[in-house]
2 protein chains.
Amino acid sequence: MGSVTGRATLADVARLAEVSTKTVSRALSGAPNVDPATRTRVQRAAHTLRFRPNALARELRSGGVTTTVGFVIGDLTNPFYGLVAAGVERALSRQGLTLMLAATEDDAAAEARVVVAMLERRIRALLLVPIADDHGYLEGERQFGTPIVAVDRPLSNATSDSVVFDNRTGAHDGVVALLAAGHRRIAFVGSSESLYTHRERLAGYRDALAAAGLHEDPALLRTDGPDIASAERATEDLLRMADPPTAVFAGNNRAAVGVLRARRAAGADLGLLGFDDFELAETLGLSVVAHEPEQMGAMAAELALRRMADPMGVVEQLVLPTRVVLRGSERSMR
Amino acid sequence: MGSVTGRATLADVARLAEVSTKTVSRALSGAPNVDPATRTRVQRAAHTLRFRPNALARELRSGGVTTTVGFVIGDLTNPFYGLVAAGVERALSRQGLTLMLAATEDDAAAEARVVVAMLERRIRALLLVPIADDHGYLEGERQFGTPIVAVDRPLSNATSDSVVFDNRTGAHDGVVALLAAGHRRIAFVGSSESLYTHRERLAGYRDALAAAGLHEDPALLRTDGPDIASAERATEDLLRMADPPTAVFAGNNRAAVGVLRARRAAGADLGLLGFDDFELAETLGLSVVAHEPEQMGAMAAELALRRMADPMGVVEQLVLPTRVVLRGSERSMR
DNA sequence: ATGAAAGCGCTAACAG
DNA sequence: CTGTTAGCGCTTTCAT
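Calculation criteria
- Residues numbered from 1 in each chain as written.
- Chains lettered and ligands numbered in written order.
- Predicted model: local features only at pLDDT ≥ 70, side-chain atom pairs only at ≥ 80, totals over all residues.
- Heavy atoms only, no water.
- Helix = DSSP H or I, 4+ residues; strand = E, 2+ residues; numbered from the N terminus.
- Rg over C-alpha atoms; globule rule 2.2 N^0.38 Å.
- Buried < 20%, exposed > 50% of the residue type's maximum accessible area, 1.4 Å probe, protein only.
- Contact = heavy atoms within 4.5 Å.
- Near = heavy atom within 4 Å.
- Polar contact = N/O pair within 3.5 Å; in protein donor to acceptor, adjacent residues only side chain to side chain.
- Nonpolar A, V, L, I, M, F, W, Y, C, P; charged D, E, K, R; others polar.
- Least-squares fit on C-alpha atoms with pLDDT ≥ 70 in both.
- Domains from an automatic or database assignment.
- Expected span 1.5 Å × (residues − 1).
- Buried area = accessible area lost by both parts, 1.4 Å probe.
- Salt bridge = Lys/Arg side-chain N within 4 Å of Asp/Glu carboxyl O.
- Pairing = 2+ DSSP bridges.
- Axes fitted to C-alpha atoms, helices over the stretch in contact; angles between N-to-C directions.
- Parallel < 35°, antiparallel > 145°, perpendicular 65-115°, else oblique.
- Left-handed = near helix turned anticlockwise from the far one by under 90°.
- Right-handed = clockwise from strand over helix to strand, strands pointing away.
- Core = buried A, V, L, I, M, F, W, Y, C linked by side-chain atoms within 4.5 Å.

Turning to the overall build of chain A, a few remarks are in order. Summing up its helical and strand segments, chain A has 13 helices and 12 strands in all. The C-alpha atoms of chain A give 26 Å as radius of gyration, which overshoots the globular expectation for 334 residues (20 Å, by more than 25%). Each principal axis of the C-alpha distribution contributes one length, and for chain A these read about 85 × 45 × 35 Å. Classification of the 334 residues of chain A by burial places 54% in the buried group. The long-range fraction of contacts in chain A, counting pairs at least 24 apart against all pairs at least 6 apart in sequence, stands at 64%.

Within the structure, DNA strand D sits among 21 residues, and Thr23, Thr38 and Arg61 of chain A together with Leu10 and Lys22 of chain B are positioned closest to it. Sugar plus phosphate: this is where 58% of the atoms of DNA strand D within 4 Å of the protein reside. In this structure, Asn33 of chain A approaches DNA strand D through a side-chain N or O atom, which is 3.3 Å from a phosphate oxygen. Looking at the surface near DNA strand D, the elements that each hand over two or more residues are helix H2 (21-28) and helix H4 (55-61) of chain A together with helix H2 (21-28) and helix H4 (55-61) of chain B. Here the residues of the surface near DNA strand D are counted per class, giving seven nonpolar, seven polar and seven charged.

Right, let's talk about the relation of the copies chain A and chain B for a bit. Think of it as a corkscrew move, a rotation about one axis and a shift along it, taking one chain copy to the other. Once turned by 180° and shifted 0.0 Å along the axis, chain A lies on chain B with an RMSD of 0.1 Å. Taken together, the rotation and translation relating the two chain copies correspond to the operation of a two-fold axis. Closest approach to the rotation axis among the C-alpha atoms of chain A is made by Met100 of chain A, whose C-alpha sits 2.2 Å away. A shared interface surface links the copies, since 99% of the contact residues of chain A are contact residues in chain B too.

Right, let's talk about the domain arrangement of chain A for a bit. Per the domain assignment, the segments of chain A are domain 1 (10-48), domain 2 (64-164 + 293-320) and domain 3 (167-291 + 324-332). Computed over C-alpha atoms, the centres of domain 1 of chain A and domain 2 of chain A are 38 Å apart.

In an α-helix, one full turn covers 3.6 residues, which means residues spaced three or four apart are oriented alike. Residues and elements named next belong to chain A. With 14 residues, helix H11 (residues 253-266) should reach 20 Å at 1.5 Å per residue; the first-to-last C-alpha distance of 20 Å fits that figure. By the burial criterion, the buried members of H11 are Asn253, Arg254, Ala255, Ala256, Val257, Gly258, Val259, Leu260 and Ala262. Looking at the buried positions of H11, the neighbouring elements they touch are helix H5 (79-93), strand S6 (186-189), helix H10 (228-240), strand S8 (247-250) and strand S9 (271-275). Capping the start of H11 is the job of one residue whose side-chain oxygen sits 3.2 Å from the backbone nitrogen of Arg254: Asn252. Within two residues after H11, Gly267 carries a phi angle of roughly 60°, on the positive side.

Turning next to the interface of chain A and chain B. Contact residues are listed per partner, giving 68 residues for chain A and 67 residues for chain B. When chain A packs against chain B, the two sides together hide about 6400 Å² of surface, and 56% of this comes from carbon and sulfur. Area buried by chain A at its contact with chain B is led by Arg7, Leu56 and Phe144 of chain A, which between them contribute 12% of it. Joining chain A to chain B, the criterion identifies 12 salt bridges. Counting across the chain A and chain B interface gives 29 residue pairs in polar contact (both at pLDDT 80 or more). Contributions of two or more residues to the side of chain A that touches chain B are made by H4, H5, strand S2 (98-103), helix H6 (108-120), helix H7 (136-143) and H11 of chain A. Of the residues forming the side of chain A that touches chain B, the biggest block, seven residues, is contributed by H5 of chain A. Split into classes, the residues belonging to the side of chain A that touches chain B amount to 31 nonpolar, 18 polar and 19 charged.

Right, let's get into the sheet that holds strand S9 (residues 271-275) of chain B. All names here are of chain B. Taken together, six strands build an open sheet; the order of strands is S7-S6-S8-S9-S10-S12 and the sheet is mixed. Strands at the two margins of the open sheet, each flanked by one partner only, are strand S7 (221-222) and strand S12 (323-325). Relative to S7, strand S6 (residues 186-189) runs parallel, the two sharing two bridges. Looking at S7, one finds that Phe188 is bridged to Leu221. Most of the contacts of helix H8 (residues 167-180) go to S9, to which it runs at about 165°, and overall it touches S6, strand S8 (247-250), S9, strand S10 (287-290) and S12. Relative to the sheet, helix H10 (residues 228-240) contacts S6, S7 and S8, its axis offset from that of S6 by approximately 155°.

Before going further, it helps to examine the protein's contact with DNA strand C. Inspection of the region around DNA strand C gives 21 residues, with Leu10 of chain A together with Thr23, Asn33, Thr38 and Arg61 of chain B positioned closest. For DNA strand C, the fraction of atoms within 4 Å of the protein that belong to sugar or phosphate moieties is 61%. Separating a phosphate oxygen of DNA strand C from a side-chain N or O atom of Thr38 of chain B is a distance of 2.6 Å. Mapped by element, the contributors of at least two residues to the surface near DNA strand C are H2 and H4 of chain A together with H2 and H4 of chain B. Tallied by class, residues from the surface near DNA strand C come to seven nonpolar, seven polar and seven charged.

Right, let's get into the packing of helix H1 (residues 10-17) of chain A against helix H3 (residues 36-48) of chain A. Helix-helix packing: each pair is described by the crossing angle between the helix axes and the interaxial distance. Residues and elements named next belong to chain A. At their nearest, the axes of H1 and H3 sit 9 Å apart, and the two run at 125° to each other. On the basis of the axis angle, H1 is oblique to H3. Along this stretch, H1 crosses H3, giving a crossing that reads as right-handed. The residues of H3 that touch H1, namely those facing Val13, Leu16 and Ala17, are Arg41, Val42, Ala45, Ala46 and Thr48.

Attention now goes to the pairing of strand S1 (residues 68-73) of chain B. Residue and element names in this part refer to chain B. Among the six residues in S1, six count as buried, and that is most of the element. Going residue by residue along S1, you find Thr68, Gly70 and Val72 tucked away on one face and Val69, Phe71 and Ile73 tucked away on the opposite face as well. Summarising the sheet, S1 and strand S2 (residues 98-103) pair through six bridges and their orientation is parallel. Paired with Val72 across the strands is Ala102, a residue of S2. Taken together, S1, helix H5 (residues 79-93) and S2 form a β-α-β motif whose crossover is right-handed.

Here we take up the environment of Ala109 of chain A. Mapping Ala109 of chain A onto the fold places it in helix H6. As a C-alpha pair, Ala109 of chain A and Leu16 of chain A span 93 residues in sequence and 50 Å in three-dimensional space.

So, on to the nonpolar core. Tyr205, Phe249 and Leu286 of chain A together with Tyr205 and Phe249 of chain B are the most contacted members of the largest nonpolar core, which has 83 residues in total. Judged by nonpolar contacts, the second largest core, of 64 residues, contains Val69 and Ala103 of chain A together with Leu127 and Phe165 of chain B.

All names here are of chain B. By secondary structure assignment, the location of Ser287 is in strand S10. The class for Ser287 is buried, based on a relative accessible area of 0%. A polar side-chain atom of Ser287 sits 2.9 Å from the main-chain amide nitrogen of Arg327.

This part covers the sheet that holds strand S3 (residues 125-128) of chain A. Residues and elements named next belong to chain A. Strands sit in the order S2-S1-S3-S4-S5-S11 across an open sheet of six strands; the sheet is parallel. Looking at strand neighbours, the two that pair on one side only are S2 and strand S11 (317-320), the edges of this open sheet. Adjacent strand axes in the sheet meet at a mean angle of 15°, parallel and antiparallel pairs treated alike. Two strands pair when backbone bridges link them, and strand S5 (residues 161-165) and S11 are joined in this way by four bridges, in the parallel orientation. Bridge assignment links Phe165 to a residue of S11, and that residue is Leu320.

Okay, here's the thing in structure tokens:
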């Protein structure tokens, strides 16, 4: 076992290899002008001492330029964000950058806290699924050269590079598919309009109904279903109505799961189409508005890299496409 | 917009507030002996300059003790790990610690790379879902006082604190449930025995068959189904057999999804019970060996905290329980 | 309650 | 090819 001893430093390695610290630095970082024999000796010494260079010191000395990129996310338990994070991670690691990930559980105070912690750690760039109402506090950071990329939702009261899906068009197309399948009373189950994505998706839902000449029934609007459990309850309510909907458009994958649970429990005949594809949607015969979460993550990382290279370049706001995938009765009735 | 300027330092704040740097340090870090008026003046100056303390410098000066904990994970796209990560994150943030997360895509070389990168960043503790064959290189690190906790699988060729599920018992109980439902030809679909969890689960599967006096049919052992697509293909093969299995025990949630897909595509009558519970298992009427992934993450973080407080304490190897949850035909036939 | 000096571990800038 | 000096931004002595 051995006792806990301090870590070896460059100076320790220098002493053992009988060279200067600068030579050790050069030898280990692969600098060109080092005698091969010296390099070998240094490497051997470093290995003997189990030397691990201190990245804090290195990055401090070299102007606080780290190789860490921060990604602030709402909810790790939602598989959607896992896919986005995987896309980010893959794009970053290809560039030798490390991902620092923090979850906010969609709490604005937590967001501010972790963002500040990351900035103090001098992250190279900040990717953020925004939740707070006001991101003015981030404006200053970009001035200091920290690229900021909004992911899945734009910042509030602030401009930045961003990647979002074409939520409104996607929702519109999804509802059109339900209409084409013969549905006329179509409910919306999802989050409140305070959440950007659901505000957009709700607008798309309304676009589609209006274009079909249908007037909207407020009783079919359940924006109180932000998570699985609440969406399930909202759907139960809908099914108990005197004049229940024949189909539901689910605002995201959480809502869709909730609707599926309620539908199964009630044994009800209820059409369903959800925003967000997921692993078992096909197995369940569930039609969805599909998109590429991993691509979104990768694009966000790309934007950050581009902004690192060109801090003053023009702001880029990417809108990724969606597509309707029909799998259930919505398909057969076309 | 303004141009990119350097960040303000403690010295800049000191100059503006007309005090020494040490006073600024004290005032901002909430040290006791500071005149309230001075503190206010300093805070105002810091705010004016948008001062963000440099955590690199602080942590370097205070002995390289960071507030970051590293978590190295195989696959972010598997919702199971998202849940584990959420458990880790929650437990850490309660202690004011930040999570640094890296994915290895279950590649041993990538694991070594990111582990080293984290150690160089002087993470306070390392949580790791191990993939490499030999973790001898980590032994030295613990000597230097970096707690290491293995998550979901133990380290290879090395001892450490760890949290795993009771895979063998869980699998045994799951197969017993299939036997109780009347199945006699039960296939195993999952990863190869080189993966600890599946080796254990396969052992549990065998235990159950042996206890029932059944002899094992090698043709029913499909350890070539580590991911959804391969598990789906393996199941297709099984269904094409002259004497196909009547049920499958799926080694993890990836395998279960693959089996579900193949079963649906073939319209086959095939019993199924999977290791790992997941969101839609209930909706699908799927019986599972359930456990608490978030708890696993939280326990791993706890172990790390405990080891930080007591580096030389006795190694703790936690084994978390599993439970069989019957939902489909396995239930009705009891 | 405040300040001056020193130094964490490393690398940039200049020698030699 | 190698070494010396200085200093990144902060906190830890130790004074006052």
